[in-house]
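Next come the chains, spelled out residue by residue.
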Amino acid sequence: MKLELRGITKRFGTLVANDAIDLVVEPGEIHALLGENGAGKSTLMNVLYGLYDPDEGEVLLDDKPQSFDGPGDAMEAGIGMVHQHFMLIPVFTVAENVALGQEPTKALGALDIAEAKKRVVDISERFGFNVDPDALVEDLPVGVQQRVEIIKALSRDARVLVLDEPTAVLTPQETDELMEIMRQLASSGTSIVFITHKLREVKAVANKITVIRLGKVVGTAKPDASTSELASMMVGREVGLTVEKSSKQVGDVVLSVENLAVLDDRGQRAVNGVSFDVRAGEILAVAGVQGNGQTELAEAIMGLRSSLTGFGKITIKGSDMTGSSVRQVLESGVGYIPEDRTSDGVVGAFTIAENMMINSSYTSRFTKGVNINFSARRKIADELVKEFDVRTPSAETLAGKLSGGNQQKVVVARELSRDVDLLIASQPTRGVDVGSIEFIHERIVIERDKGKAVVLVSTELDEVLALADRIAVMYRGKIVDIVSPETSREQLGKLMAGVAA
Amino acid sequence: MSQIQLAKEERIGFKSPITMASIGVFVIIFFGVLGREGETVFEISRRADLIQLPSISIGSSSLGWVSGILLLLIAGYSLSSSLKNRKTPLWVSVLYGAIGVIALLGWLAAGNQVPLTFIIGTSLVLAVPIVLGAMGGLMCERVGVTNIAIEAQLLAGAFMAAVVSSITDNFFLGLISAMIGGALVSLVLAVFAIKYLAQQIIVGVVLNVLVIGITSFLFQQWLTQDAENVNFPGTLDIIKIPFLSDIPVIGPVIFENRITVFVALIFVPTLYFILFKTKLGLRARAVGEHPLAADTVGINVGRTRFWWVTMGGMSAGLGGAALTIGNAGAFGREMAGGFGFIALAVVILGRWHPISAALAALLFGFSIILRVWANQVSPGIPTDFIIMVPYVVTVIAVVAFVGQSRPPKALAIPYTKG
């Protein structure tokens, strides 16, 4: 099916998320929509999918104008979408999730579960997905959940399939498999819109590339365009794709973790017998597909999550910190960039200055006796805003009003401006624009060169390869191996899938 | 797979066996060793029943001994489960509870009779408003709307049923208007919660206060002045189902009741079927768990919530009718008397599941009749103690056996698009 978007404009208040965007996707074409975080890709797709009403412009399918009142209409018209945040109900089975909205029924409106399962198995077999229709979605790994999303779209006869950042949760091998599926679908006539910010994938699979920046189409390109050309189109200036890094000068062990085991929120073992050391002056990257225990590992080191009784020992600078409170850990000289900026990193309703002192609200440079030293706080906050290049009218602006990248810089500024010996950075650049990514990466390397120990938890292989001095790959709560950054992507992919070398 | 060393946090623990053993010891000491003199007679059949079963007579303190030992044996089974790191199965806990109840009845009624049919039957009748209220609450919560206005819905239903039945002299119209009364309260909740995205708890509190106020005002100014014409509905006829009502115990308890009880008995499994086996239920649960996901497959979240909340109100309204024309025979000021809040607790205790919630409601019905009956057979025992027992049991049951429950994920979160 041919998809055409004509002059789509969508405004949120004063912000123009999409500005007169035109896009044509021919039948059987894999069309990549390339853009930075916050460029307006997802907004555009939500307009296409009927979740948002466009302020101007129209959507055409096979040259016929469409008007969608909701996602139901879009689906009816043949548009299927695999969302970045999966639209699956965790407590339902695969079959129930796929059936939802177009349920096969028997008498009395009773669900025909057998028929629902058959639909899943049919599609699953056609594409070699290997998905169990009876499994509860919450028990499945994210890669499989994504396949369920694809099955969901296909079971609705989608002839235009939109994939929103589909590779963010996959290992390199799974990514290759997904690309193969995309090619297979395209050759059967399905039009595919592939939304991403990863240049390598675009070049590998797309037939045509449209680049958007700040809500506007800035150009189109062929997949044979060079990576740096695409990158500068996407960002709007020349970008350095590599991080400058001198060779490491390691010192003493700063953090030592021995046989750590931690439960997740559901009472399952998320971390299961993990041991490693991090020395001063090195960056240890903890790589792996999301949901293999990295989050819980970082939280356990910080004291946010308790380790299992009788298991594990966390030693920081030679003193035993197992079972310590968060405050004790922070005061022992640890900086922490949490994974979820909006819920754990900053308080949106606080000003930047307030956020800067939030983990040193007791005796610190921000206080005078039991009071806040307002003049000192203002001075420090202004300096930090300048030093860390936070783009804001003033340090008294609410943190919630900042863009993701600038919020993250506030977090980084807060953590690095304290005198720390160990930095735990969990997904420090997730959902952050390229300019801020470069900046944050540089700051992390500076800390390492100053002789600090850094633990970088990241699911982005590019980030891991750019920064790490050693890479620990986690799979199902265990460290499969600790390898050097010279290891090939392919080899790392295997480790991420749990195959030990 | 190799044996994994389990940490303390991963073990099932010994909460269940310890609780069970302590209660067992308590029963042996207080009901057995220090037990009361006299025989307890368990009457299985009523005098009017067609088939007469013999009563069972046993010494009160011997019953204490026997049941205490049985309880300890079950505690032992629970201990062996814990040692194997398995949870104590639910049926074992239920059996345990049943034996405990018999021990309690036997102790209370030393030298007296225990009319089993009467106790179970009355528990059921008293539980009906709680059951229907809980089903109403459950229907709202399953689609993600917190309904703490069950009390208001019960009261509105009770009021409407009494007044309309009195004026029209027609119970059918009374029942219909009770459902409308409950639904009207729900409508206010639905409009504020779904359309205006108001804080649902606050709307619920306001509705409770409002309906208590309105019904009390009307009761004072109107019903008491003209009681004969507007608050004298009488009660629904008791329907005896032929043959089935002659079965011992089950017959009089289940098949010889007012229409409100039958409706509740049919509605609970029906709601279970709708929620878990039909398209409607699948969609409703999807809306309560992840409304955005439901929206992306073309389910209208607002409309689904609206209908379920309204239907929930009808169920609770009918529960209100069970208070007046299904039991007391007239409306009284604030007559729901906290049943709505008990229903709210029952929803959680029953983990948002119709069958378990209905069983939990029965427990509360039983606690009410136990208080009344125990006062008659053993005037010596402080009433306050007896009132306390079912609640203590509930607390223990929740802590030791129910464990962590998982409410619908999107509960109380308004849904907005874009």
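Undergrad: Any chance you could break down the interface of chain B and chain A for me, citing the residues and the numbers?
TA: Facing the 27 residues of chain B at the interface are 34 residues of chain A. Applying the counting criterion to the chain B and chain A interface returns two salt bridges. In this structure, arginine 283 of chain B engages glutamate 103 of chain A in a salt bridge whose closest nitrogen and oxygen atoms are separated by 2.8 Å. Put simply, chain B and chain A have six residue pairs in polar contact (both at pLDDT 80 or more) between them. For the side of chain B that touches chain A, the element with the most residues is helix α11 (residues 279–289) of chain B, which contributes six residues. Residues that form the side of chain B that touches chain A fall into these classes: 10 nonpolar, six polar and 11 charged.

Undergrad: Outline the sheet that holds strand β20 (residues 453–457) of chain A, supporting the account with residue identities and numerical values.
TA: All names here are of chain A. Reading across the sheet, the six strands line up as β16-β19-β20-β13-β21-β22 and stay open at both edges, with mixed pairing between neighbours. Only two strands of the sheet have a single partner each, and these edge strands are β16 (334–337) and β22 (478–483). Sheet twist, expressed as the average angle between the axes of neighbouring strands with direction ignored, equals 15°. Judged from the five bridges that link them, strand β19 (residues 422–426) and β20 form a sheet pairing that is parallel. In the strand pairing of β20, alanine 425 is matched with leucine 456. Along the sheet, helix α14 (residues 404–416) contacts β16 and β19; its crossing angle with β16, the most-contacted strand, is approximately 175°. On top of the sheet, helix α17 (residues 489–496) reaches β21 (470–475) and β22; it is set at about 35° to β21, its chief contact.

Undergrad: Could you give an account of the domain arrangement of chain A, with specific residues and numbers?
TA: Domain annotation of chain A identifies domain 1 (3–235), domain 2 (245–333 + 424–429 + 451–501) and domain 3 (341–418). Distance from the C-alpha centre of domain 1 of chain A to the C-alpha centre of domain 3 of chain A: 38 Å.

Undergrad: Give a detailed account of the side chain of threonine 88 of chain B, specifying residues and quantitative values.
TA: All names here are of chain B. When you line up the elements, threonine 88 lands in the loop between α2 (60–83) and α3 (90–108). For threonine 88, a relative accessible area of 15% corresponds to the buried category. A polar atom in the side chain of threonine 88 sits 2.9 Å from the side chain of serine 78. Contact partners of threonine 88, with chain neighbours within four places excluded, come to Ser16, Met20, Ser78, Ser81 and Ser93.

Undergrad: Quick rundown of a nonpolar patch on the surface? Include the residues and the values.
TA: Residue and element names in this part refer to chain B. There is a patch of nonpolar side chains on the surface, built from Val25, Phe26, Ile29, Phe30, Val33, Leu34, Trp65, Val66, Ile69, Leu70, Leu72 and Leu73 and spanning about 1,000 Å² of accessible area. Of all the secondary structure elements, the ones that give two or more residues to the nonpolar patch are α1 (15–33) and α2. Among the elements that line the nonpolar patch, the one with the most residues is α2, at six residues. Its location among the elements puts isoleucine 29 in helix α1. The exposure class of isoleucine 29 is partly exposed, given its relative accessible area of 36%.

Undergrad: So, the pairing of β19 of chain A: which residues are in play, and what are the values?
TA: Residues and elements named next belong to chain A. Of all five residues in β19, five are buried, a share of seventy percent or more. Of the two faces of β19, the one holding Leu422, Ile424 and Ser426 and the one holding Leu423 and Ala425 are both buried throughout. In this structure, β16 lies alongside β19, joined through four bridges in parallel fashion. The partner of isoleucine 337 across the bridge, within β19, is alanine 425.

Undergrad: How would you explain the sheet that holds strand β2 (residues 56–59) of chain B if you had to name every residue and give the values?
TA: Residues and elements named next belong to chain B. Spatial ordering of the open sheet is given by β2-β1-β3, a layout of three strands whose pairing is mixed. Only two strands of the sheet have a single partner each, and these edge strands are β2 and β3 (112–115). For this sheet, the mean angle separating the axes of adjacent strands, direction not counted, is 25°. Across the sheet, helix α4 (residues 116–142) touches β1 (39–43) and β3, and the angle it forms with β3 is around 45°.

Undergrad: Requested: an account of the packing of aromatic side chains, with residues and values cited.
TA: To describe a pair of aromatic rings, you give the distance between the ring centres and the angle between the ring planes. Under the definition given, this model contains 10 aromatic pairs over all chains. Geometrically, the ring pair formed by phenylalanine 12 of chain A and tyrosine 52 of chain A is edge-to-face, given 5.4 Å between the ring centres and 80° between the ring planes. With phenylalanine 12 of chain A in strand β1 (residues 3–12) and tyrosine 52 of chain A in the loop between α1 (41–48) and β4 (56–61), this residue pair connects regions lying 40 residues apart in the sequence. According to the relative accessible area criterion, phenylalanine 12 of chain A is partly exposed, its value standing at 31%. Measuring from ring centre to ring centre gives 6.3 Å for phenylalanine 388 of chain A and phenylalanine 439 of chain A, while their planes differ by 75°; the resulting arrangement is edge-to-face. One end of the pair, phenylalanine 388 of chain A, is in the loop between α13 (374–387) and α14; the other, phenylalanine 439 of chain A, is in helix α15 (residues 434–449), and 51 residues separate them in sequence. Given the relative accessible area of 1%, phenylalanine 388 of chain A is considered buried. Overall, phenylalanine 439 of chain A belongs to the buried group, its relative accessible area being 16%. Joined through ring pairs, the aromatic side chains of Phe26, Phe30, Phe31 and Trp107 of chain B make up one cluster. If you follow lysine 409 of chain A out to its NZ or CZ, it ends over the ring of phenylalanine 439 of chain A, 5.6 Å from the centre.

Undergrad: Outline unusual backbone geometry, listing residues and values.
TA: A positive phi angle is found at alanine 20 of chain A, which is not glycine, with a value near 45°. You can see alanine 20 of chain A is positioned in strand β2 (residues 15–25). Residues other than glycine seldom take positive phi values, yet tryptophan 352 of chain B does so here, at roughly 60°. Following the sequence through the fold, tryptophan 352 of chain B ends up in the loop between α14 (339–349) and α15 (354–377). Residue tryptophan 352 of chain B is classed as buried on the basis of its relative accessible area, which comes to 5%.

Reading the values: rules and limits
- Residues numbered from 1 in each chain as written.
- Chains lettered and ligands numbered in written order.
- Predicted model: local features only at pLDDT ≥ 70, side-chain atom pairs only at ≥ 80, totals over all residues.
- Heavy atoms only, no water.
- Contact = heavy atoms within 4.5 Å.
- Salt bridge = Lys/Arg side-chain N within 4 Å of Asp/Glu carboxyl O.
- Polar contact = N/O pair within 3.5 Å; in protein donor to acceptor, adjacent residues only side chain to side chain.
- Helix = DSSP H or I, 4+ residues; strand = E, 2+ residues; numbered from the N terminus.
- Nonpolar A, V, L, I, M, F, W, Y, C, P; charged D, E, K, R; others polar.
- Pairing = 2+ DSSP bridges.
- Axes fitted to C-alpha atoms, helices over the stretch in contact; angles between N-to-C directions.
- Domains from an automatic or database assignment.
- Buried < 20%, exposed > 50% of the residue type's maximum accessible area, 1.4 Å probe, protein only.
- Patch = residues over 30% accessible without salt bridge, like charges linked within 9 Å, V, L, I, M, F, W, Y side chains within 5 Å.
- Areas by Shrake-Rupley, 256 points an atom, 1.4 Å probe, with all protein chains shown as cover.
- Phe/Tyr/Trp six-rings, centres within 6.5 Å; stacked < 30°, edge-to-face > 60°.
- Lys NZ or Arg CZ within 6 Å of the ring centre and 35° of its normal.

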